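Working through the structure, step by step
Take a look at the letters that make up each chain.
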Amino acid sequence: MATTVTITNRPDEWKIEQGLSGAVLPVLDMTERETEPLAVQEFGPLTKDEKAINAVGNRAKLFGPERKGWTGFVEWENYPAKKAAAHKILTSQTFPPNPEFQLGPIPGTNPVLPGTHWKMWHKAVGGELTKVPDDSWDTVLEEKHPDMLHLLQFPYNGEPPKRLVTNVEITPNSLHFVRNHGGIPIINKDDYSFLLDGLVETPRSFTLDDLMDEAKFPRMEKTITMQCSGTRRIEQILKYPGQGDEVPQAPWAEGAIGTARYVGVSLKKVIKACGGLKDGAKHLEFYGADTYFKDDKTMNYLVSVPWSKVKANEVMLAWEMNGKVLPKIHGYPLRVVVLGYIGARSVKWLYRIKAIKGPSLAPVQSQEYLYFPQQVGKHNFKLTDGIQIQEMPVSSAIMSPWTKQVVIHKGKIRCKGWAYSGGGRWPERVELSADGGFNWYTVPDQKLSKKRKWTWRIWEYELPCDVEGWVEIVVRCWDNALNTQPPEVRTAWNWGLHVTSSCHRISVYSVNKSRPATKARLDEFEKAGIPFGPITVPLAFPAQTWPDYDKYWREHDPRDAEDD
């Protein structure tokens, strides 16, 4: 009689046990005498209260066009009733979860992540937001290089491939990274203006022509490196996953940085045209025309910078990028460029500047872009535990070779990459190591690009490497204030997965062709017409003839030691 065997393992049991599918691992409760596995969050069937949604009213009218010549723009901040209506729509239905990628596999697609929630939220609210996801993607395809890596389709997050990041010192517009927080509004220049109000003597509206009148405002032109605080986030994710958000934490690599030459005016001069600040104003709040979502609430994208930054002429209003009209995806017709700060402060599609007393309480400023201590996480964090990220720290990255790559060389590995420091500091020295950081070689000055106050320096160097097998190449930068980088990604890890400023480390497999035995083996591969890679595939022909093998043992000690 056959015995019935009950199998309790899942088919992917081994994968789960090895941490390759961590999102489904149960939480282990060890607070009592016996360990208790707790269920992880699961999402039930989707629901939709059509009656409640319809009761809100006609969405095409509620969230219809705001200004002539502005498409995809809804002004939320002065209209609490509109915010309440949108909140009702969003809370009267449920949405499918974003795919988990930090504790699961990252999709091998381009775009990598679709932005499920954000697309559905825009269409659920309707009105001017209905077509924004499609229009935004059309803009990406129109303005960006076909080889861009689309990390998040909507709101769009994209970076250039490594081979193009440091190809030139000034990043072409089509290859400059993009970190959008909402859809791309399409704004006609002739219908454009922005308001400067709040704690200023004389609130005023300005058109783009007003700003471009050199009789009123002196022209400002600066070469600026802009960096997302998520740059190199993938290094944190792969070792220690962290916080997710309404926007999936885009798995940025080393390309969330770019350098461009901007033309515009200093914000300080525009404030002066309004009679200056009053009543203790200490911060300037910037309003972007894109719609932002947080906790089922709608709002515009708002952040702030301190007056001291503006007073130093380190905040500009820009309409030109690399000698061309500002691209739509980068904020046309006018954006803010904050020198040396994280890219999140450089608001695009600017429609209002408000002088205020303290930092903005808007979510992007007060709830996000926070640098938490290492023992702070989902179980215990408070917003006040986080440091608001403003100036970028010193950082660097290797663009070539890539990690896990096999490199055949003759004693030197050809490397290239970038180095940057925020806050007006600059890279003074770049160093490379081929042994994990024990010995360092300095990149000569002639192999570094021009030294500028607000920009990166790209570099190239032939790194000495005699050894063979797996080696760890490390880069670090010293800025002019002698700041340098923490040695390991663990020292930079934080719950928000921001600012991976640790030394960039890659593992490459070194094959040194200057060694006669290695050259002879590679010649055998070439003669046989067999590719050398991947290195994990067994050797396709005998490593040694049997006569050679026998000869060796006749000429050397026997395999086994004699027992005298």
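Just so you know, the residues in each chain are numbered from 1, in the order the chain's sequence is written. With pLDDT at 70 or above as the cut-off, local features in this predicted model cover only qualifying residues; side-chain atom pairs require 80 or more to be listed or tallied, and sums for whole chains, interfaces and linings still use all residues. For the side-chain quantities, the full set of heavy atoms in the structure was used; hydrogens and water were omitted.

1. Considering the overall build of the protein
Defined as follows: Only DSSP runs of H or I with at least four residues qualify as helices, and only runs of E with at least two residues qualify as strands; both kinds are numbered from the N terminus onward. For every residue, the accessible area (1.4 Å probe, protein chains only) is compared with the maximum for its type, and the residue is labelled buried under 20%, exposed over 50%, or partly exposed between those bounds. Residues are treated as being in contact if the distance between any of their heavy atoms lies within 4.5 Å. We score Asp and Glu as negative and Lys and Arg as positive, and we do not count His or the chain ends. Where a charge lies is defined by one atom per residue type: Lys uses NZ, Arg uses CZ, Asp uses CG and Glu uses CD.
Tallying secondary structure elements over the protein gives 15 helices and 27 strands in all. Each of the three principal axes of the protein carries a C-alpha extent, and together these read 100 × 80 × 50 Å. Taking all 564 residues of the protein together, the buried fraction comes to 49%. By sequence separation, contacts in the protein at least 24 residues apart represent 71% of the contacts at least 6 residues apart. Positive and negative side-chain charges in the protein, numbering 71 and 68 respectively, have mean positions lying 8 Å apart.

2. Topic: the state of the cysteines
Note the cut-off: By convention in this document, the label disulfide applies to cysteine sulfur atom pairs within 2.5 Å.
According to the stated counting rule, one finds zero disulfides in the structure shown. Of all cysteine sulfurs in the structure, the one in Cys 503 sits closest to Cys 477, which takes part in no disulfide; the separation is 9.9 Å. When its relative accessible area of 0% is taken as the criterion, Cys 477 is described as buried.

3. Observations concerning the pattern of salt bridges
Using the following cut-off: Salt bridges are identified by distance alone: a Lys or Arg side-chain nitrogen within 4 Å of an Asp or Glu carboxyl oxygen.
This structure, assessed with the given rule, holds 32 salt bridges. Here Lys 519 ties to Asp 523 by a salt bridge, and the two come within 3.0 Å at their closest N and O atoms. Remark: Asp 523 and Lys 519 occur in helix 14 (residues 516–528); sequence separation between them is four residues, near one turn of the helix. Assessed through its relative accessible area of 40%, Lys 519 is described here as partly exposed. Since its relative accessible area comes to 30%, Asp 523 is described here as partly exposed. Taking the shortest distance from any N to any O, the salt bridge between Asp 550 and Arg 554 comes out at 2.3 Å.

4. A word on the sheet that holds strand 23 (residues 427–433)
Strands belonging to one sheet form pairs held by backbone hydrogen bonds; the direction of such a pair is parallel or antiparallel. Inclusion rule: Only strands joined by at least two bridges in the DSSP assignment are considered to pair.
Judged by pairing direction, the sheet is mixed, and its five strands sit side by side in the order 21-27-26-23-24 without closing on themselves. Sheet topology places strand 21 (406–409) and strand 24 (441–442) at the edges, where each strand pairs with a single neighbour.

5. Observations concerning the environment of Arg 33
Note that Arg 33 resides in the loop between strand 1 (27–29) and strand 2 (36–38). For Arg 33, a relative accessible area of 83% translates into the label exposed. With 24 residues separating them along the chain, Arg 33 and Asn 9 place their C-alpha atoms 25 Å apart.

6. Some details on unusual backbone geometry
Geometrically, the link from Tyr 332 to Pro 333 is a cis peptide bond, its omega value of 10 degrees lying close to zero. Residue Pro 534 is reached from Gly 533 by a cis peptide bond, and omega for that bond is -5 degrees. With respect to the secondary-structure elements, Pro 534 resides in the loop between helix 14 and helix 15 (546–555). Positive phi, close to 65 degrees, is recorded for Asp 296, a residue that is not glycine. Topologically, Asp 296 is positioned in the loop between strand 12 (283–294) and strand 13 (297–306).

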